[in-house]
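Each chain, letter by letter, is given below.
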Amino acid sequence: MADGALRITLGVYAAAKLAAKARALGVSPEDLAAALLGQELFDREDFTWINGDPRIQTSAPADLEGACDWDAVRPEVVALIDETFGPE
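On a predicted model such as this, the values are computed, not experimentally measured, just so you know.

(A) Focus on helix α1 (residues 12–25). Between the first and last C-alpha of α1 there are 20 Å, a value that for 14 residues agrees with the 20 Å anticipated at 1.5 Å per step. Glycine 26 lies just past α1 and shows a positive phi near 75°.

(B) Looking closely at the environment of phenylalanine 42. Structurally, phenylalanine 42 is set in the loop between α2 (29–41) and α3 (70–85). Non-local contacts of phenylalanine 42, meaning those with residues more than four positions away in its chain, are made with Phe47 and Trp49.

(C) Representation of a nonpolar patch on the surface in the model. A surface patch of nonpolar side chains, about 510 Å² in accessible area, is lined by Leu6, Ile8, Leu10, Leu37 and Leu41. Relative to the assigned elements, isoleucine 8 resides in the segment before α1.

(D) How the structure looks around the confidence of the model for the protein chain. Residues of the protein chain with pLDDT of at least 70 account for 89%, and the chain-wide mean is 86. At the level of individual helices and strands, the protein chain shows its lowest average pLDDT in α3, which scores 91, and its highest in α1, which scores 97.

(E) Representation of the packing of aromatic side chains. Overall, the coordinates contain two aromatic pairs when judged by the stated rule. On the basis of an interplanar angle of 20° and a centroid distance of 5.3 Å, the ring pair of phenylalanine 42 and phenylalanine 47 is categorised as stacked. Residue classification places phenylalanine 42 among the partly exposed positions, given a relative accessible area of 42%. Take phenylalanine 47: its relative accessible area is 46%, and that puts it in the partly exposed class. When the ring of phenylalanine 47 is compared with that of tryptophan 49, the centres are 6.2 Å apart and the planes differ by 55°; the resulting orientation is tilted. With relative accessibility at 32%, the residue tryptophan 49 sits in the partly exposed group.

Calculation criteria
Residues numbered from 1 in each chain as written. Predicted model: local features only at pLDDT ≥ 70, side-chain atom pairs only at ≥ 80, totals over all residues. Heavy atoms only, no water. Helix = DSSP H or I, 4+ residues; strand = E, 2+ residues; numbered from the N terminus. Expected span 1.5 Å × (residues − 1). Contact = heavy atoms within 4.5 Å. Patch = residues over 30% accessible without salt bridge, like charges linked within 9 Å, V, L, I, M, F, W, Y side chains within 5 Å. Areas by Shrake-Rupley, 256 points an atom, 1.4 Å probe, with all protein chains shown as cover. Salt bridge = Lys/Arg side-chain N within 4 Å of Asp/Glu carboxyl O. pLDDT = per-residue confidence, 0-100. Phe/Tyr/Trp six-rings, centres within 6.5 Å; stacked < 30°, edge-to-face > 60°. Buried < 20%, exposed > 50% of the residue type's maximum accessible area, 1.4 Å probe, protein only.

And the structure:
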C-alpha cells in the first residue's frame, strides 16, 4: 500500500448508500468514500499549525461597541425592507 491505494469491500447497504449519496453530489463513489474516510480519520494532533491550533482562539473577540440588540433594531429593518420591497 505504499502508493496510498487501498481496496475495501462494503456491505450491500453501505455500498448502496454510498452510491446514492455520490450520485446526488455528482461525484464518483470512490471519491466520496475517500473524502469521507479522510474526514473521519483526520487528527489535528498529526499536524503543526503555523498560526496555532485553529480550535484555540488566540485573539480577542471582535469589538462589539456600538452593536445593537436585534429586538431593538428589528422594527427599523422590517420597515426598511417593506419600504424597499413592499410588505410580505
